[in-house]
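# Summary of the model geometry
Here is how the chains run, residue by residue.
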Amino acid sequence: MRLVLGKIDVLGPSIRRFTLSPVSGVLPVAGAGAHVVLEIPGPGRVWKNAYSIVSTPSSASYEIIVRRVEHSRGGSAWLHDHARVGDVLEVQAPQNLFPPSRTSRRHLLLSAGIGITPFLSYLHVPGLSFEWHHCGKAEDAAAFAALLPETVTLHTGRNTLNLAALLAAQKLDTHLSLCGPESFMDFALAAAEHAGWPGQKIHKESFGGATGGAPFIVHLRRSGQSIHVGAEESLLDAMEAAGLVPPCLCRGGACGECKLPVLEGVVEHHDHYLSSSERAANDAIMTCVSRARTTEITLDF
Amino acid sequence: MTIKSRPIYAPFKLDVTGRVHLVVTNLAEAPVEVEEAVGDVLVWTVKTVAPGVPAPAARNLRPFRSVAELLPQLAVRLAQATVGLRIYAVGSEAFIWDAYNVAMGAGLDGAEVFTHHAGPFVRRVYCTHCRTMIEDVAVTIIPCPVCGAHLFVRDHFSRRLAAFMGVIVDAEVPGEIPAAEALIS
Ligand code: FES
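Residues numbered from 1 in each chain as written. Chains lettered and ligands numbered in written order. Predicted model: local features only at pLDDT ≥ 70, side-chain atom pairs only at ≥ 80, totals over all residues. Heavy atoms only, no water.

### Thoughts on the sheet that holds strand β1 (residues 20–25) of chain B
Residue and element names in this part refer to chain B. Taken in spatial order, the 5 strands line up as β5-β2-β1-β6-β7 in an open sheet, and their pairing is parallel. Since the sheet does not close on itself, it has two edges, and those belong to β5 (61–64) and β7 (113–117), each with one partner. Geometrically, the sheet is characterised by an average inter-axis angle of 15° between neighbouring strands, direction not taken into account. One ladder, built from 4 bridges, connects β1 with strand β2 (residues 41–46); its direction is parallel. The partner of L22 across the bridge, within β2, is L42. In this fold helix α2 (residues 67–80) packs onto β1, β2, β5 and β6 (85–91), with an angle of close to 150° to the strand it touches most, β2. Docked against the sheet, helix α3 (residues 93–105) engages β1, β6 and β7, running at close to 175° with respect to β7. (Pairing = 2+ DSSP bridges. Helix = DSSP H or I, 4+ residues; strand = E, 2+ residues; numbered from the N terminus. Axes fitted to C-alpha atoms, helices over the stretch in contact; angles between N-to-C directions. Contact = heavy atoms within 4.5 Å.)

The following block contains the structure:
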């Protein structure tokens, strides 16, 4: 669908909110946790970036909040530097891979940085019982504070959140939801595992980061193609740029949709979908975030 | 023939991802595998030394007078406990699924509860005719003590009721009742 940029709000030094309205007709309803994929024009290619929808499900337009990522994907840079009110963007219909778990009575929400966004939509869910802690850099404190109700605890200093104690103190009827950059997710997941959380009670979504790295060449056995994956693009992006349509949904290493079998080469895993034993087996890769450790990698696609 | 609704039980094994382990059983003693488990394992049994007098508690061991006393205490414990607890229900199928349902009611996930069948092969039978629960049935055909229907004990197990279905055996030819056999599983 084609959506027009109706409004751009500067929330912080590198955080902006964009309002997207339909060129004509009405938008599909997007429930709490849903995201949209924006197709963002770049030099010689199109960036496909996923952003959580933070507006209420009934609103006439979608609102997304975007952090300008300095050194990785180009899409956020374009939105911050080039996007103008009135620009029309191609947007894929919303998907919801991160709805609040229905089976849980209480939710412990932990987020960091721009991982704040999916939980902002949870605030619209009537009667949701949650405890939310958000961690951010001091420079973003004002932006985050303006977005969060008083019931949410904002941590902007070092070590103000004792994650291990918080995770260990939760009751058995509570589910844990995590969203943030890779380092935060790794840290929180390790702490949760240590406290004895079963994986079934942990829900996670990770956006942004970790798509760049050393360039490599991917050989696709069934498609018969060899593609160069540059330092600034993901494997998924490179495959799409070559005209292929590999499977994907969240584009953030969380849903598992983009998993492809590895035939040769060594994977550098950046996802939060595969278990540690699956990672060690080196027979599958999540193309949206993971890369090759070797200069070449061969996939069954 | 495999019956889908009939649960399959794995042998007892501690889930090492848990921090605290609570074994609940309707038997007087936990099976030997439980005794041999190393780690922070608490055991709740049903054992009396005289009617209404539970056996003495010991380190990590808490005997109850009855299942009727144990299960509500389990609910209390689960409401207070924090994450990291694993529940192992060991004993008759009726008991282990009652305990499982208590755990689900307290908000646990299936991954935090383990069921292990142990002890004699006795079934709780649900009379589909009058809805009476008949405990400790060891044979394939029984009369319902309430409505008098002769029930065939099917392998169909309801986890919600923690009971096997008892269906009328002489529905087609009233009075034609085959001989009962001992249950072997
Ligand atoms: S698209 Fe969801 S994990 Fe890659």
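### A few points about the domain arrangement of chain A
All names here are of chain A. Under the domain assignment used here, chain A contains domain 1 (2–96), domain 2 (106–206) and domain 3 (216–299). On a C-alpha basis, the centres of domain 1 and domain 3 stand 25 Å from each other. If you look at the interface, domain 1 gives 10 residues, while domain 3 gives 8 residues. Approximately 780 Å² of surface area, both sides summed, lies buried where domain 1 meets domain 3, with 40% of it carried by carbon and sulfur atoms. Linking domain 1 to domain 3 there are 1 salt bridge. For the pair domain 1 and domain 3, the number of links is 2 residue pairs in polar contact (both at pLDDT 80 or more). Every element with two or more residues in the side of domain 1 that touches domain 3 is listed here: β3 (34–42) and β4 (45–52). Sorting elements by how many residues they give to the side of domain 1 that touches domain 3 places β4 first, with 4 residues. Looking at the side of domain 1 that touches domain 3 residue by residue, the classes come out as 3 nonpolar, 4 polar and 3 charged. (Domains from an automatic or database assignment. Buried area = accessible area lost by both parts, 1.4 Å probe. Salt bridge = Lys/Arg side-chain N within 4 Å of Asp/Glu carboxyl O. Polar contact = N/O pair within 3.5 Å; in protein donor to acceptor, adjacent residues only side chain to side chain. Nonpolar A, V, L, I, M, F, W, Y, C, P; charged D, E, K, R; others polar.)

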